[in-house]
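# Structure assessment
Now for the letters of each chain:
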Amino acid sequence: MDDERLFSFRNFIENDSNRFALWTAIQVAQNPGDKKRNPYFIYGKSGHGKTHLLKALGNFILEKDPVKKVIYVTSETFTNEFIDCIKSGEYNRFHDHYRTADVLLFDDAQYLFGKEGVQTEFYNTFQTLIDNGKQIVITCDRNPKELGIRSALVSLFQLGVLIEI
């Protein structure tokens, strides 16, 4: 596994196309849960630094406040864990894990496409976290309008800051 400490704002390669995304990520990390930047949705082509910013943001928050519950998860892992919870009937454990996060870092949202049950679960988790003033940061390879997912979920993604990198 990658050394997670390598993902920092200091190690992020800044350029003209990602400068605003970096600045905004730092603002989110300094004040997680701020309604002006929650959710924070970063989208763009592969290799442009979305995951690095996502992990750097989480590392910054944990460095500042190690007791914060910061969860990094890919949409694939979220999907697999949700399927496992259905099979095992352990919904409460799944909900308790994700819905009690202080910061949810959700990587590669494009893989929610075509997974109605997972989209519903993510929508409910998202709504719970937002209602409780918790921070959500999402990365994706395209604008949420282009994902072909539930319109209610697209609307939630667009509540805060939407930045192309």
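Summarised in this report is the structure supplied together with it. (Residues numbered from 1 in each chain as written. Predicted model: local features only at pLDDT ≥ 70, side-chain atom pairs only at ≥ 80, totals over all residues. Heavy atoms only, no water.)

### Focus: helix 1 (residues 19-30)
End to end, helix 1 covers 17 Å across twelve residues, agreeing with the expected 16 Å (1.5 Å per residue, within 8%). Listed as buried for helix 1 are Ala 21, Leu 22, Thr 24, Ala 25, Val 28 and Ala 29. Seen end-on, helix 1 carries its buried residues on one side only, within an arc spanning 165°. Looking at the packing, one finds that the buried side of helix 1 touches strand 1 (40-43), helix 2 (50-64), strand 4 (135-140) and strand 5 (161-164). (Helix = DSSP H or I, 4+ residues; strand = E, 2+ residues; numbered from the N terminus. Expected span 1.5 Å × (residues − 1). Buried < 20%, exposed > 50% of the residue type's maximum accessible area, 1.4 Å probe, protein only. Arc of directions from axis to C-beta. Contact = heavy atoms within 4.5 Å.)

### Overview of the packing of helix 3 (residues 75-88) against helix 4 (residues 91-99)
Packed helices, taken two at a time, are described by their axes: the angle between them and the distance between them. One can describe the packing of helix 3 onto helix 4 by two numbers: an axis separation of 8 Å at closest approach and a directional angle of 150°. As judged from the angle between their axes, helix 3 and helix 4 are roughly antiparallel. Contact with helix 3, carried on its side by Phe 78, Glu 81, Phe 82, Cys 85 and Ile 86, involves Tyr 91, Phe 94 and Tyr 98 of helix 4 and no other residues of that element. By residue class, the composition of the contact of helix 3 with helix 4 is seven nonpolar, no polar and one charged. (Axes fitted to C-alpha atoms, helices over the stretch in contact; angles between N-to-C directions. Parallel < 35°, antiparallel > 145°, perpendicular 65-115°, else oblique. Nonpolar A, V, L, I, M, F, W, Y, C, P; charged D, E, K, R; others polar.)

### Section: the pattern of salt bridges
If you walk through the whole model with that rule in mind, you get seven salt bridges. Salt-bridge contacts for Glu 14 lead to Arg 19; the nearest nitrogen and oxygen are separated by 2.6 Å. Taking the shortest distance from any N to any O, the salt bridge between Asp 102 and Lys 134 comes out at 3.1 Å. Here the residue Asp 102 occupies a position in the loop between helix 4 and strand 3 (103-107), and Lys 134 occupies one in the loop between helix 5 (116-131) and strand 4, the gap between them amounting to 32 residues. Salt bridges linked by common partners bring Glu 14, Asp 16 and Arg 19 together as one network. (Salt bridge = Lys/Arg side-chain N within 4 Å of Asp/Glu carboxyl O.)

By themselves, these observations are geometric and do not establish any function.
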